[in-house]
Amino acid sequence: MTTTTDPSLQTALSDLGATTDALTDQQRAQLDADGFLALPGLFAGERLEALRARTDELRRFEGSAAGHEIGGQAGAAILADLVNKGEVFESIFTEPAVLAAAHHVVGNVRVNSLNFRAALPGEGHQHLHSDWGKPVDEGDYHICNSMWLLDDFTPDNGATRVVPGSHRWGRVPADDLADPTAAHPDERLLLGEAGTVVIFNAHLWHGGTLNRTGVPRRGLTMSYCRRDEPQQLDQAGYVRKAVYDRLSPAARVVLDV
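Everything numeric in this text was worked out from a predicted model, so none of it was measured.

Draft legend 1. Structural context of the nonpolar core. With 51 residues, the main nonpolar core has F93, I199, L220 and Y224 as its most contacted residues. For this core, the element with the most residues is helix α4 (residues 96–106), which contributes eight residues. Here I199 is in contact with L31, G35, F36, L37, L39, A97, V98, A101, C144, N145 and S146, once residues within four sequence places are set aside. Among the nonpolar cores identified, the runner-up in size contains ten residues, and F36, L149, A159 and V162 belong to it.

This is the structure in C-alpha cells:
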C-alpha cells in the first residue's frame, strides 16, 4: 500500500477520527490478507432507516433518470451523486473506521463516488471483475470500496461474491477465467445483516449474484480512490454550495473540494 500521506490529508484524517486506532491490528491484517472486512451494526437503527427512506424517495423522484450521472446498469436500480442528495449521506464518506480502512488500502485517499445499487428480482448476476480493470502489483492499490447493507444480504437475494486474496494475485479475472460469469471454486458470498458495512479492496475479484427473491436488494457503494487518480464523479464539479458550506474543513479535504 502507499505509505506517504499528504500533510493536509493526514490532518484531516486525524480530525475525523480516521486514525490507526479506528481499526484493530487484526482487522487490518484481515483486510490485507483476504481483501475484505465486515463491520456489523455500524449504522443500524435510526441511521439505517433514514438512509432507506431517502434512497426510496430518490428512486421515486428521479424515475427513469436515476443514475444518469454515471450511467445505468443492467439488472439493477442505480442512484448516483448521493453526496449532494441529502444531509443523511454526508457523514458516510467520513465514517472513521471505513475511511481509515480506505486510507490503509490506498494511502493518499479521496472520495471516488457514493452510489446506490439495488439488484432487481430475477436480475443482478455479474461476471467476476475488479474495479481497476487491469493487473497491479501487490500493494499498489488504487481503489477501495465499501458496501453499506440497506437490506440483509442473503444467499438468495443477490449478495456480492468475492474470491478471497485475489487482490494480491496481480491478475484480473479475464486473464484466468474462460467464463467469468461462472462460479469460482474459491468464491465466498458476503452475507450480513442490514446496518453492516463491508469494506473491500476493489482490486479483489468480485461480482453481484442473482436475486432470486421478489424484492430488490438494496445497498450503498461508498468508493474511495488515490488522489492521483480521476474520480468516478468530479466531486469539485458536482458539489452544491449548501453541501460545501455544511462540510467541515476536514471533510472537504477528503471529498477534495
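Alright, that's what it looks like, and here's the rest.
Draft legend 2. Quick peek at unusual backbone geometry. The phi angle at D81 is positive, at roughly 55°, despite the residue not being glycine. Structurally, the position occupied by D81 is in the loop between β2 (76–79) and α4. Assessed through its relative accessible area of 6%, D81 is described here as buried. Phi is positive for D256, which is not a glycine, with a value near 65°. Along the chain, the position of D256 falls in the segment after α8 (249–255).

Draft legend 3. Structural view of the environment of P40. Summarising the element assignment, P40 is placed in the loop between β1 (36–39) and α3 (46–62). The exposed category is assigned to P40, whose relative accessible area is 67%. Along the backbone, P40 and G195 are 155 residues apart, and their C-alpha atoms lie at a distance of 6.7 Å. The residues touching P40, leaving out its near neighbours within four places in the chain, are G195 and T196.

About the thresholds
Residues numbered from 1 in each chain as written. Predicted model: local features only at pLDDT ≥ 70, side-chain atom pairs only at ≥ 80, totals over all residues. Heavy atoms only, no water. Core = buried A, V, L, I, M, F, W, Y, C linked by side-chain atoms within 4.5 Å. Buried < 20%, exposed > 50% of the residue type's maximum accessible area, 1.4 Å probe, protein only. Helix = DSSP H or I, 4+ residues; strand = E, 2+ residues; numbered from the N terminus. Contact = heavy atoms within 4.5 Å.

Note that every value here comes from positions in space, so none of it alone points to a role or purpose.
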